[in-house]
Amino acid sequence: MKSSFNDTFLRACRKEPTPYVPVWYMRQAGRYQPEYRKIREKYSFFEMNYIPEVCAEVTKLPVDQLGVDAAILFADIVTPLKPIGVDVEIRSGIGPVIANPIRNTADVRRLGELDPVSDIPFITDAVKILANELNVPLIGFAGAPFTLASYMIEGGPSKNYYKTKAMMFTAPETWALLMEKLADMTITYLRAQIAAGAKAVQVFDSWVGAVSEADYREFIFPTMHRIFSSLKDTGVPLIYFGVGTGHLLRVFNELPVDVLGLDWRVTITQARTEYGVDKALQGNLEPALLLAPWETLEKKAKQVLDEGTEQPGYIFNLGHGIFPQCSVETMQKLTALVHSYSRKNGEMIV
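The structure presented is a predicted model; accordingly, all values stated were derived computationally and were not measured.

Rules and cut-offs
- Residues numbered from 1 in each chain as written.
- Predicted model: local features only at pLDDT ≥ 70, side-chain atom pairs only at ≥ 80, totals over all residues.
- Heavy atoms only, no water.
- Pairing = 2+ DSSP bridges.
- Helix = DSSP H or I, 4+ residues; strand = E, 2+ residues; numbered from the N terminus.
- Contact = heavy atoms within 4.5 Å.
- Axes fitted to C-alpha atoms, helices over the stretch in contact; angles between N-to-C directions.
- Phe/Tyr/Trp six-rings, centres within 6.5 Å; stacked < 30°, edge-to-face > 60°.
- Buried < 20%, exposed > 50% of the residue type's maximum accessible area, 1.4 Å probe, protein only.
- Lys NZ or Arg CZ within 6 Å of the ring centre and 35° of its normal.
- UniProt positions renumbered as here; feature names shortened; annotations may be inferred.
- Parallel < 35°, antiparallel > 145°, perpendicular 65-115°, else oblique.
- Left-handed = near helix turned anticlockwise from the far one by under 90°.
- Nonpolar A, V, L, I, M, F, W, Y, C, P; charged D, E, K, R; others polar.
- Core = buried A, V, L, I, M, F, W, Y, C linked by side-chain atoms within 4.5 Å.

## Looking at the sheet that holds strand E8 (residues 280-285)
One open sheet accounts for 7 strands, arranged E1-E4-E5-E6-E7-E8-E9; its pairing is parallel. Bordering the open sheet on either side are strand E1 (71-72) and strand E9 (314-318), each of which pairs with just one other strand. Pairing of strand E4 (residues 138-143) with strand E5 (residues 200-205) involves 5 bridges; the strand directions are parallel. By the bridge assignment, Ala142 is partnered in E5 with Val203. Taken strand by strand, helix H12 (residues 221-231) contacts E5 and strand E6 (238-242), and its axis lies near 155 degrees from that of E6.

## Remarks on the packing of aromatic side chains
By the definition in use, this model includes 13 aromatic pairs. Taken together, a centroid distance of 5.7 Å and an interplanar angle of 75 degrees make the contact between Phe169 and Phe219 edge-to-face. Separated by 50 residues along the polypeptide, Phe169 in helix H9 (residues 162-170) and Phe219 in helix H11 (residues 213-219) bring together distant segments of the chain. Under the relative-accessibility criterion, Phe169 is labelled partly exposed at 45%. Here Phe219 falls in the buried class, since its relative accessible area comes to 12%. Just above the ring of Phe46 sits the side chain of Lys82; from NZ or CZ to the centre is 4.9 Å. Positioned above the aromatic ring of Trp264 is the side chain of Arg265, whose terminal nitrogen or guanidinium carbon lies 4.2 Å from the ring centre.

## Considering the UniProt feature "domain: Uroporphyrinogen decarboxylase (URO-D)" (unreviewed entry) in the protein
The residues that UniProt annotates with the feature "domain: Uroporphyrinogen decarboxylase (URO-D)" (unreviewed entry) are residues 22-31 and 139-155. Taken as a whole, residues 22-31 contains 0% helix and 0% strand, while its terminal C-alpha atoms sit 23 Å from one another.

## As for the packing of helix H15 (residues 294-308) against helix H16 (residues 328-341)
Running from amino to carboxyl end, H15 crosses H16 at an angle of 40 degrees, the nearest separation of the two axes being 11 Å. Judged on the interaxial angle alone, H16 and H15 are oblique. Taken as a pair, H15 and H16 cross one another with a handedness that is right-handed. Judged by residue contacts, Trp294, Leu297, Glu298, Ala301, Lys302, Leu305 and Asp306 of H15 engage Thr330, Lys333, Leu334, Leu337, Val338 and Tyr341 from H16. Here the contact of H15 with H16 is built from residues that sort into 8 nonpolar, 1 polar and 4 charged.

## Remarks on the nonpolar core
The biggest cluster of nonpolar side chains holds 128 residues, and the ones touching the most others in it are Tyr216, Tyr240, Phe316 and Leu334. Considering each element in turn, this core owes the most residues, 13 residues, to helix H10 (residues 172-196). For Leu334, the residues in contact, after removing those within four places along its chain, are Tyr25, Leu285, Leu290, Trp294, Leu297, Ala301 and Phe316.

## Comments concerning unusual backbone geometry
Note: most residues except glycine have negative phi, and most peptide bonds are trans. Omega for the peptide link from Gly283 to Asn284 comes to -10 degrees, which places this bond in the cis form. Considering the arrangement of structural elements, one finds Asn284 in strand E8. Positive phi values are uncommon outside glycine, yet Lys15 reaches one of about 60 degrees. You can see Lys15 is positioned in the loop between helix H1 (8-13) and helix H2 (34-40). The backbone phi angle of Tyr161 is positive, close to 60 degrees, even though this residue is not glycine.

Take a look at the structure:
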């Protein structure tokens, strides 16, 4: 870790005063970068994960290129599934595809336990490299049990999650066992990243917006509460993010997390006033605006910043990830705007 360490992101996570609004982007390492595409020509996605030096290089690239205030480990949410017995591959244009989907209790019982030392040394080694070389915090991450279960049960991406919900409703004991196993794996995975040097962790619950608040409380909330409670003793900021989860914000706010990520469907003001969120917030520029004329993007970004800075504890991000059609130049310009617009003439943002 360099001597001139920028902890602005960590301070915002804890709702402490900051000189400006910190910014990082989901999927900030990816196909919109020519350098990434060049590396990708040499390696498959999992190969990029399995070689710590390559993983670290890809993770650092947007920090150096964009000037963001945090790095996020380059990996996929399904990375820890292979070691526990899930036959998963990432197919271009599709996403994770599971060859042995979960169908019953016996399938769940066959799942193994994650051993960080023997199963994911490439992840912890990459984190150690990054912790030593970055001048900004590294965010470790994991997929949330519901989202991972949706892939494991459906066999891949789904538009309706019928099979997943069917298991929830018709085989609650099997569902509970699957949630327990995935929670154990998630806790172990995140603790290993933290021990290796991650300064914060984010749990991605990308598809949990498909369930109602009542079903979330019954079938998912206990698992998420257990995960975050189990990580509290690490002392690192805990972040939770889902897509299309505005209706779940009230229950999210009851979780022992430090930061809630918002997508673009709910404004920051709505989250705070209508849904009563009192956590630090992260988000939530509409990603499609990255393809709009600069004047439009600038106006919308300033609106998000104005809302975000009305209360302490705010991190600028997108409402979802950067997509391949974006340009590096736009992301550089947006990052500079966030920093300059939020500086408030040198005063600390409180």
